[in-house]
Amino acid sequence: MDTATTTAAAVGSGHDGSGVDGSAFSHVVDAAHEAPTWLDSLVSVYSTYGLALFALLMLIGWWRTRAQDEARAVRALAAPVLTLIAFGVSAVLKLLVREDRPCRSLHVVTLEACQAPGDWSFPSNHATLATAAAVALWCVSARLGVVATLAALAMAASRVWIGAHYPHDVLAGMAVGVLVALPLSLLLSRHARTVAELFRRTRLRPLIAA
């Protein structure tokens with residue numbers, strides 16, 4: 001075995017999470033293989049590019065609130081920041097847990113190509129990002145929060161459907177999103193007007209007031 005092969009093997013050696021809900025994962029993957037091609041394509045596209053929808057919702061929330069309420073505009077500006085913080089926590093957990101992707105542990109063919117060794121599965125970054133964004137948007141607008149929540153649930157389900165994650169990966173990702181974004185959102189909400197006052201005294205005022 002040469003050096004490159006040894007290194008790849010070392011990087012790719014991780015925890016096998018199939019014992020948690022591997023059978024449920026297999027059922028979902030089987031259903032995906034039996035589903036119409038158009039449905040699989042639609043789910044795959046959303047799973048890959050759907051996070052852009054949350055960025056759009058954040059932009060809409062900010063644009064509307066800056067013309068209505070400075071405190072809400074502050075919460076809208078903070079939404080992407082809180083989402084990225086949740087992503088950072090998720091990324092750290094991935095490195096700590098080191099769970100192999102299901103396609104590597106179960107050796108099944110999935111809609112999404114099997115990820116490279118060292119691209120860990122637990123928790124799902126996509127589910128974390130989507131859920132954290134949804135939580136943050138609830139503090140901006142109930143309507144946007146509802147849309148984002150439905151989109152986050154769809155994102156989590158899509159990650160299992162295409163075979164990128166076990167169900168427990170996306171559930172954990174959603175939990176991380178809530179546990180990180182919710183307390184930070186509530187804390188910010190309590191001090192939003194104070195932060196708005198700070199913005200008002202600087203050149204950043206146009207960010208919170210039309």
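One can find the structure itself at the top, above this paragraph.
Residues numbered from 1 in each chain as written. Predicted model: local features only at pLDDT ≥ 70, side-chain atom pairs only at ≥ 80, totals over all residues. Heavy atoms only, no water.

(A) Region of the structure containing the overall build of the chain. On a plain count of helices and strands, the chain comes out with 10 helices and zero strands. Overall, the chain shows an N-to-C arrangement of helices and strands of α-α-α-α-α-α-α-α-α-α. Counting over 210 residues, the chain shows a buried share of 45%. Within the chain, residue pairs in contact and separated by at least 24 positions form 80% of the contacts whose partners lie at least 6 positions apart. Summed over its atoms, the accessible surface of the chain is roughly 10700 Å², and 69% of this surface lies on carbon and sulfur atoms. (Helix = DSSP H or I, 4+ residues; strand = E, 2+ residues; numbered from the N terminus. Buried < 20%, exposed > 50% of the residue type's maximum accessible area, 1.4 Å probe, protein only. Contact = heavy atoms within 4.5 Å. Areas by Shrake-Rupley, 256 points an atom, 1.4 Å probe, with all protein chains shown as cover.)

(B) Local environment of unusual backbone geometry. Cis peptide bonds are those with omega within 30 degrees of zero, and the linkage from Phe122 to Pro123 qualifies with -10°. Mapped onto the fold, Pro123 is located in the loop between α6 (102-105) and α7 (125-138). With phi around 55°, Arg98 is a residue other than glycine that occupies positive phi space. Along the chain, the position of Arg98 falls in the loop between α5 (70-97) and α6. Take Arg98: its relative accessible area is 32%, and that puts it in the partly exposed class. For His107, which is not glycine, the phi torsion reads 55° and is therefore positive.

(C) Summary view of the side chain of Asp100. With respect to the helices and strands, Asp100 occurs in the loop between α5 and α6. A distance of 3.3 Å separates a polar side-chain atom of Asp100 from the backbone nitrogen of Gly14. (Polar contact = N/O pair within 3.5 Å; in protein donor to acceptor, adjacent residues only side chain to side chain.)

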